[in-house]
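Fold and geometry: a report
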Amino acid sequence: MLTSPQPNSTDRSAGFTLVEVLAALAVVGLIASAVMLASPGADTRLHAGVERMAARLKLAGDESVLVNRPVALVAAPEGYHFELRDEDGWRRMDAASSLGFQPWPGDSAPSIEVPADAEREGEGRRLAEFDPLGGASAMRLVFGSNGPAWRIAIDEAGVIHVDHAS
């Protein structure tokens, strides 16, 4: 015969206590905060992309010294690449190399600050030129128009700086 529980029964196994619920919420909160801290934000991704571009600029300067020929950074609306100057003029670097075409870091093209006498030819615009003695033409690129911004600056000595843009 089936019996039903008595209305005044003192059976406590029917639910969770307040302490158990609070402990479960604390564990879920700790896990959620760990996930938020571990996931890279937009600023981290932009900074990493800017650092990769700065490394390519350094590589272009080293390549210029190594082959004893000028190397130029060329901008296009969708990205950038490098050109090498030889006896026949400027020629685009091999697309399979690290100095081939790359999209801009971030979501859009940077704001570009170059001297007024920078060349404009072909599909893009030569922004900076690395000379075989280790120098370069000065320029600045600022990435991140809506949010945290990062700046890459090249000085006349060919030194590349990456910092927060204000």
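Residues numbered from 1 in each chain as written. Predicted model: local features only at pLDDT ≥ 70, side-chain atom pairs only at ≥ 80, totals over all residues. Heavy atoms only, no water.

Turning our eyes to something else, we now look at the overall build of the protein chain. Looking only at helices and strands, the protein chain features two helices and ten strands. Reading the protein chain from its N terminus to its C terminus gives the helix and strand order α-α-β-β-β-β-β-β-β-β-β-β. By residue count, 33% of the 166 residues in the protein chain fall in the buried class. Across the protein chain, contacts joining residues at least 24 apart in sequence account for 47% of those joining residues at least 6 apart. (Helix = DSSP H or I, 4+ residues; strand = E, 2+ residues; numbered from the N terminus. Buried < 20%, exposed > 50% of the residue type's maximum accessible area, 1.4 Å probe, protein only. Contact = heavy atoms within 4.5 Å.)

Turning next to the sheet that holds strand β8 (residues 139-143). One open sheet accounts for four strands, arranged β5-β8-β9-β10; its pairing is antiparallel. Edge strands, defined here as strands with exactly one partner in the open sheet, are β5 (111-113) and β10 (160-165). Pairs of neighbouring strands in the sheet enclose a mean axial angle of 20 degrees, with direction left out of account. (Pairing = 2+ DSSP bridges. Axes fitted to C-alpha atoms, helices over the stretch in contact; angles between N-to-C directions.)

Even without being glycine, N68 reaches a positive phi, approximately 60 degrees. Of note, N68 is situated in the loop between α2 (42-67) and β1 (71-76). The class of N68 is exposed, set by a relative accessible area of 56%.

Where burial is concerned, most of strand β9 (residues 149-154) is hidden: six out of the six residues are buried. Every second residue of β9 is oriented toward a common face, with A149, R151 and A153 on one face and W150, I152 and I154 on the other, all of them buried. Pairing between β8 and β9: five bridges, direction antiparallel. Counted as the bridge partner of L141 is I152 from β9. Hairpin connection, β8 to β9: the antiparallel pair is bridged by five residues, and G144 has positive phi, about 95 degrees. Where β9 lies against β10, six bridges are found, and the strand directions are antiparallel. Residue pairing for β10: W150 is matched across the bridge by H164.

This structure, assessed with the given rule, holds three aromatic pairs. Pairing Y80 with W104 gives two aromatic rings, centres 5.4 Å apart and planes at 35 degrees, and the pair type is tilted. Residue Y80 is found in strand β2 (residues 79-86), and its partner W104 is found in the loop between β4 (102-103) and β5; the two are separated by 24 residues along the sequence. Grouping residues by exposure puts Y80 and W104 together as buried. For the pair W104 and F143, a centre-to-centre distance of 6.1 Å together with 50 degrees between the ring planes defines the contact as tilted. Taken together, the residues span a long stretch of sequence, with W104 in the loop between β4 and β5 and F143 in strand β8 at a distance of 39 residues. Residues W104 and F143 agree in their burial class; the two are buried. Among the aromatic residues, those joined into a ring-pair cluster are Y80, F82, W104 and F143. (Phe/Tyr/Trp six-rings, centres within 6.5 Å; stacked < 30°, edge-to-face > 60°.)

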